[in-house]
Amino acid sequence: MTFDLQRIREGRSTEGIRRVLTPEGVEVEFALADRGQRLIAVLVDLSVQVFASLALFVLILIIWGVLFGTGLNGTEFFTVALGIVSFFFQFFYFLTMEVFWQGKTLGKHLMGLRVIGANGHPLSLSGLVARNFMRQVELFLPLIAGAGLVGPTSTLSSLVSLAWAFGLSAYIFFDADRRRLGDLLGGTIVVKQAAPVLLPDIAAGQQETRARFRFTTDQLETYGRFELQVLEGVLREDHRPDQEEIFARIVARICLKIGNQSEVAPEFHRDFLNDFYAAQRQHLEREALYGKRKDSKADSNGGP
Amino acid sequence: MSDSTNHGAPSGHLGLDLKSVQFRKEREPQWQELERLMTTVEKQGLQGLSFEESLAFATLYRKALSSLSVARGISLDRGVQSYLEALAARAYSLMYTRPNRPGVATIDFFMRGLPRAVCAMWPSLLIAVLTFMLGAVFGFILYHEDLGWLNAIVGSDPFGGRGPDQSYATLRESIYDPGGLAERTQGWASFAISLMINNVGVALLAFSLGVAGAVPTLGLLFYNGLIIGLFYSVFHDKGLGLDIIAWLSIHGVTEISAIFLGGAAGIHVGRGILFPGRKSRAARLRENGRRAGEVAMGAVIMLIFAGIIEGYFRQAVNDLEWRLIIGWGLGAVVFAYFGTGGWWQALGRRNTP
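Residues numbered from 1 in each chain as written. Chains lettered and ligands numbered in written order. Predicted model: local features only at pLDDT ≥ 70, side-chain atom pairs only at ≥ 80, totals over all residues.

Attention shifts here to the overall build of chain A. Scanning chain A from terminus to terminus reveals 13 helices and 4 strands. The buried share of chain A, reckoned over its 304 residues, is 34%. Across chain A, contacts joining residues at least 24 apart in sequence account for 65% of those joining residues at least 6 apart. (Helix = DSSP H or I, 4+ residues; strand = E, 2+ residues; numbered from the N terminus. Buried ≥ 20, exposed ≤ 12 C-beta atoms within 10 Å, placed from the backbone. Contact = placed C-beta atoms within 7 Å.)

Printed below as a string of structure tokens:
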């Protein structure tokens, strides 16, 4: 995993963003899951474990009762059925879910999370096994020790083991990639599921309708990529109450910077900005073709 | 400089010809098709795709990655770029978050992966066995040093009424139950299940405590050995040494081997942390962790078998010879399976053209 240099250059936060090098040689960007989200997900999964095993147990009892009547040596059968069901749910619930559901459990699905291989390795069966068997010490040991504290045999030793087990579980708070020990062993990270949304291209409309405003090459030399993207953000978020005022201020600012003497009528502010955006983008694209990249207005030479 | 209020501009094309707009127009249908396929995969898994569709999925995934590379290089449109980032991330996680064909992978795991993993970590396994043995010997010595140790370590009623105060007859009866078969095996299943859950818990604990430098794992192995040593001593002193070995063997060979495997897995993880060698600690830990996970899985499977044997056969089989034969016979099978490290599979392949 690497940090996103582009982000750092642009001054955007790299907190919780990781790039994973895919086997195809392209780095793909992922947002790490928040620790709180993971906590909620695991709590959901724990309750699913409890309730699903109880439900399955009752279901088995009902089916058995219907098939064989009630005259069976009941107590033994109850113990065995409950034992098998809880055995499966305790040790294999997480593993089975993650293997057959593309790295998701029910809790992760609800929180929009998923497990992926950390270094662009495909998620492997053995990695998932290692990751989930570690829950024995990271999740169940603190639970058992915690239960020992409130139980009838509350002792100093359960307090000590609780503290000790929490010490191991707390690793997740010290890892930059927010991995728990199981993730470390399995070579995995937990990320937010990406939801791609394709916004309309602002410049596409400008290409078809003719522009109201035109700009000279000199005027377009002023700004760079960064300013263009800020303008893009402003044009996309056009439902604010003080929209008119913001547009007016930006238009005035741009006119001042590029040396546009003539007045732009308020009803044309929006058109002016759209046209300027399209023209500026075309200009920067053209320059980039000749190897001149201009990252921001401070970038006077047109890039390295 | 002030030609920007050109209201009555000549109609017709302005000369606005954005490469990026064209780029997007050409590729957008591919992106949308990829999104459609991904929705199917999310809902139904890769099986939900037809043959052509799964080919298209792989191709479109690569095309999306290449679009992303291009967009990062040239695109000034943050909208497109962040869309492609998300699209590639989603496609990547669907391409690579599912172990390739879990069914085949599982079979391959039992045929090759598991025995190999066990053989590859033989030093850890040796340490696990020795630590356990050391515990057992220690238990035997402590018992004969001072009986007080017994109470100090396992409490006043150590092995369900099988204490040093019991007579020869009582102890003998506790391992050769005089009742009929049905009486002896009464309630065996619930007994087997509870043992199994307990043992699997212990084996996985031995594995997962490896992250603490394997020290707790060693402690766990030593403690279990100690208990066995004390338990054996109780019977040994009454002249029932061989009888108790037979009684323990029928399930214990499998069960204790499984605990060895769990312990070896933990020790292997601990070695990764303490002695990473030439690799980085994270890389070594990942490598050892996966292998240890495989071995721990093997231990779990073995314990499921051991639970069944312990619950039923230990009570059903009532003579010394058969207990030894079944127990060590199973042990030989286990040893043959792991000891060959899956070589037999390679042999089979060489013989078939």
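More follows now that the structure is in view.
If you tally the helices and strands in chain B, you get 14 helices and 0 strands. The helix and strand sequence of chain B, counted from the amino end, reads α-α-α-α-α-α-α-α-α-α-α-α-α-α. Look at the contacts in chain B between residues 6 or more apart in sequence, and 80% of them connect residues 24 or more apart.

Now for the interface of chain B and chain A. With 71 residues of chain B in contact, the opposing surface of chain A contributes 74 residues. If you list the elements that add at least two residues to the side of chain B that touches chain A, you get helix H1 (19-44), helix H2 (51-74), helix H3 (78-96), helix H4 (102-120), helix H9 (188-208) and helix H12 (281-316) of chain B. For the side of chain B that touches chain A, the leading source of residues is H3 of chain B, giving 13 residues. Of the residues assigned to the side of chain B that touches chain A, the class counts are 40 nonpolar, 18 polar and 13 charged. (Nonpolar A, V, L, I, M, F, W, Y, C, P; charged D, E, K, R; others polar.)

The next thing to look at is the packing of helix H5 (residues 122-145) of chain B against helix H10 (residues 215-236) of chain B. What describes two packed helices is the angle between their axes and the distance between those same axes. Residues and elements named next belong to chain B. The contact between H5 and H10 brings their axes to 6 Å, and the two run at 40 degrees. Taken together, the axes of H5 and H10 lie oblique to each other. Taken as a pair, H5 and H10 cross one another with a handedness that is right-handed. Of the residues belonging to the contact of H5 with H10, the class tally is 18 nonpolar, 8 polar and no charged. (Axes fitted to C-alpha atoms, helices over the stretch in contact; angles between N-to-C directions. Parallel < 35°, antiparallel > 145°, perpendicular 65-115°, else oblique. Left-handed = near helix turned anticlockwise from the far one by under 90°.)

This next bit is on unusual backbone geometry. The phi angle at Arg178 of chain A is positive, at roughly 55 degrees, despite the residue not being glycine. Assessed through the 19 C-beta atoms surrounding it within 10 Å, Arg178 of chain A is described here as partly exposed. Positive phi outside glycine occurs at Ala214 of chain B, with the angle close to 70 degrees. When you line up the elements, Ala214 of chain B lands in the loop between H9 and H10.

All names here are of chain B. Residue placement: Pro276 occurs in the loop between helix H11 (241-274) and H12. Of the residues examined, Pro276 has 16 C-beta atoms within 10 Å and is grouped as partly exposed. Taking the C-alpha atoms as reference points, Pro276 and Asn288, separated by 12 residues in sequence, lie 9.7 Å from one another.

By domain assignment, chain B separates into domain 1 (20-98) and domain 2 (104-343). Taking the mean C-alpha position of each, domain 1 of chain B and domain 2 of chain B sit 51 Å from one another. (Domains from an automatic or database assignment.)

Attention shifts here to the nonpolar core. Soluble, globular proteins show a tendency: their nonpolar side chains are buried together. Grouped together as the largest cluster of nonpolar side chains are 123 residues, with contacts concentrated most on Ala64, Ala88, Ala91, Ala203, Val295 and Ala296 of chain B. Broken down by element, this core gets its largest block of residues, 15 residues, from H11 of chain B. Judged by nonpolar contacts, the second largest core, of 20 residues, contains Ala203, Phe213, Tyr223 and Ala279 of chain A. (Core = buried A, V, L, I, M, F, W, Y, C linked by C-beta atoms within 7 Å.)

Turning next to the environment of Ala306 of chain B. All names here are of chain B. Residue position: Ala306 is located in helix H12. As a C-alpha pair, Ala306 and Ile250 span 56 residues in sequence and 8.9 Å in three-dimensional space. What Ala306 contacts, discounting residues up to four positions off in sequence, is His251, Thr254, Glu255 and Ala258.

A separate point is the pairing of strand E2 (residues 27-31) of chain A. Residue and element names in this part refer to chain A. Here strand E1 (residues 17-21) runs beside E2; their pairing, made up of 5 bridges, is antiparallel. Pairing of Val20 across the sheet is with Val28, part of E2. Between the antiparallel neighbours E1 and E2 lie 5 residues, among them Gly25 with a positive phi of about 85 degrees. (Pairing = 2+ DSSP bridges.)

This part is about the packing of helix H5 (residues 125-133) of chain A against H12 of chain B. One way to put it is that H5 of chain A packs onto H12 of chain B with a least axis distance of 8 Å and a crossing angle of 75 degrees. Between H5 of chain A and H12 of chain B, the interaxial angle falls into the category roughly perpendicular. Contact with H5 of chain A, carried on its side by Ser126, Gly127, Val129, Ala130 and Phe133 of chain A, involves Gly289, Arg290, Ala292, Gly293, Glu294, Ala296 and Met297 of chain B of H12 of chain B and no other residues of that element.

It is worth spelling out H12 of chain B at this point. For H12 of chain B, spanning 36 residues, the distance from its first C-alpha to its last is 50 Å, which sits close to the expected 52 Å at 1.5 Å a residue. The largest bend along H12 of chain B reaches roughly 35 degrees and is located at Glu310 of chain B. (Expected span 1.5 Å × (residues − 1). Bend = angle between axes of the 7 residues up to and from the residue.)

For the rest of this paragraph, the subject is the confidence of the model for chain B. Residues and elements named next belong to chain B. Per-residue pLDDT for chain B has a mean of 82; in total, 88% of the residues score no lower than 70. Between residues 1-14, whose pLDDT stays under 50, and residues either more than four places distant or in other chains, the model counts 23 contacts. For this predicted complex, the interface confidence comes out at an ipTM of 0.83, alongside a pTM of 0.81. (pLDDT = per-residue confidence, 0-100.)

Next up on the list: the environment of Tyr277 of chain A. Residues and elements named next belong to chain A. Among the structural elements, Tyr277 can be located in helix H13 (residues 269-289). A count of 20 C-beta atoms within 10 Å places Tyr277 in the buried class. Along the sequence, Tyr277 and Leu228 sit 49 residues apart, while their C-alpha atoms lie 6.8 Å from each other. Ignoring any residue separated from it by four or fewer positions in sequence, one finds Tyr277 in contact with Ile202, Ala203, Leu231, Glu232 and Leu235.

Residues and elements named next belong to chain A. Of all 5 residues making up strand E4 (residues 188-192), 4 are buried, and the element is well covered by its neighbours. Bridge count between strand E3 (residues 113-117) and E4: 5 bridges; the pairing is antiparallel. If you follow Arg114 over to E4, its bridge partner there is Val191.

Attention now goes to helix H13 (residues 320-339) of chain B. Residues and elements named next belong to chain B. End to end, H13 covers 27 Å across 20 residues, agreeing with the expected 28 Å (1.5 Å per residue, within 8%). Taken together, the buried positions of H13 are occupied by Arg323, Gly327, Leu330 and Phe338. One face of H13 carries all of its buried residues, which in axial projection span an arc of 70 degrees. Pointing more than 90 degrees away from the buried face of H13 are the exposed residues Glu321, Ala332, Val333 and Ala336. As for H13, its buried residues are in contact with H4 and H11. (Arc of directions from axis to C-beta.)

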